[in-house]
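So the chains spell out like this:
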Amino acid sequence: LPQIGRTLRDHFAHVDAIGYITTDNPRDARWSLPRAEVCRRAATELGVPFQRFESPINERSDLPHGKIINSTVDAYLAFAKDKTNPLCVAGNDTMAGQILNHMSQRGIAPPQGTLLFGYDNDIAERALNLSTFDKDPATIAEAMQALYAHFLRDKKTAMATSTMKMVHPKFIARSTT
């Protein structure tokens, strides 16, 4: 998460507000809350307002994290209304895609009107050309391969071993920032 905070401070130093949108799905709190905290800290360091928006989860949604409802996006837009360069951070790329859809229905096309990015570089959302953070799958695969090789040699010690590889997310700037 420090890399994400650094990117927010460096790449988005010109923003004048940061909003974070996610769902209130309790299963997502393990990743959603730390991401929101990184955004809050970055906003504090940049001296700009921060607000977290939670969309009520729709249990009937076919989306794994629930659905971002229009009123949540409208609340963000009201927060960002008088800003010149607001940044909307979505909990993940699926949510960013929903937010982008709601914004386009209101005539807003990021990066005009607001900047927008998600997380995870989800292949299903790449056609939207969203800016995002990627988890560096090559480094993850390398670490998993090393751990699996260790497991094949010695199951007992492999279970208590770390590969000590740090996976730093990479920011991928596309058309929404």
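The text that follows walks through the structure, step by step, so that each part is easy to find. Please read all numbers here as calculations on a predicted model, not as lab measurements.

Considerations on the overall build of the protein
For the protein, the helix and strand inventory stands at 6 helices and 6 strands. Along the chain direction, N to C, the helices and strands of the protein fall in the order α-β-α-β-α-β-α-β-β-α-α-β. Across the 177 residues of the protein, 42% fall into the buried class. Intrachain contacts of the protein at a sequence separation of at least 6 include 75% that bridge at least 24 residues.

Section: the environment of K135
If you trace the backbone, K135 turns up in the loop between β5 (131-134) and α5 (137-153). Owing to a relative accessible area of 44%, K135 belongs among the partly exposed residues under this scheme. In this structure the C-alpha to C-alpha distance between K135 and D120, which are 15 residues apart in sequence, comes to 6.1 Å.

Let's talk about the pairing of strand β3 (residues 86-90)
Counting buried residues along β3, 5 of its 5 residues qualify, which places the element largely inside the surrounding structure. Pairing of strand β1 (residues 17-23) with β3, which is carried by 5 bridges, proceeds in the parallel orientation. Directly across from A17, in β3, lies its bridge partner P86. Sheet topology note: the β3/strand β4 (residues 115-119) ladder contains 3 bridges and is parallel. Along β4, the bridge assignment pairs C88 with L116. As for the winding sense of the linkage, the β-α-β connection from β3 through helix α4 (residues 93-105) to β4 is right-handed.

Let's talk about the nonpolar core
One finds L8, Y76, L87, I99 and F117 to be the most contacted residues of the largest nonpolar core, which totals 38 residues. Ranked by residues supplied to this core, first place goes to helix α2 (residues 29-46) with 6 residues. F117 has contacts with L8, F12, L87, C88, V89, A90, A96, S131, T132, F133, F171 and T177, leaving out every residue within four places of it along the chain.

As for unusual backbone geometry
The linkage connecting P110 with the following residue, P111, adopts the cis geometry, with an omega of 15°. Secondary-structure assignment places P111 in the loop between α4 and β4. Unusually for a residue other than glycine, N121 sits at a positive phi of about 50°. Within the element layout of this structure, N121 appears in the loop between β4 and β5. In this structure N121 comes out as buried when scored by relative accessible area, which is 6%. Even without a glycine there, the phi angle at N129 is positive, about 60°. If you trace the backbone, N129 turns up in the loop between β4 and β5. The exposure class assigned to N129 is partly exposed, which follows from its relative accessible area of 35%.

Some details on the sheet that holds β1
Think of a sheet as strands paired side by side through backbone hydrogen bonds, with each pair either parallel or antiparallel. Reading across the sheet, the 6 strands line up as β2-β1-β3-β4-β5-β6 and stay open at both edges, with mixed pairing between neighbours. Two strands bound the open sheet, and with one partner strand each, they are β2 (50-55) and β6 (170-172). Neighbour to neighbour, the strand axes of the sheet diverge by 20° on average, direction disregarded. Of the pairings in the sheet, the one linking β1 to β2 comprises 6 bridges and is parallel in character. Its bridge partner being in β2, Y20 is matched across the sheet by R52. Set on the sheet, helix α3 (residues 70-80) makes contact with β1, β2 and β3; between it and β2 the angle comes to about 165°.

Parameters at a glance
Residues numbered from 1 in each chain as written. Predicted model: local features only at pLDDT ≥ 70, side-chain atom pairs only at ≥ 80, totals over all residues. Heavy atoms only, no water. Helix = DSSP H or I, 4+ residues; strand = E, 2+ residues; numbered from the N terminus. Buried < 20%, exposed > 50% of the residue type's maximum accessible area, 1.4 Å probe, protein only. Contact = heavy atoms within 4.5 Å. Pairing = 2+ DSSP bridges. Right-handed = clockwise from strand over helix to strand, strands pointing away. Core = buried A, V, L, I, M, F, W, Y, C linked by side-chain atoms within 4.5 Å. Axes fitted to C-alpha atoms, helices over the stretch in contact; angles between N-to-C directions.

Everything listed here is a matter of geometry and, on its own, says nothing about what the molecule does.
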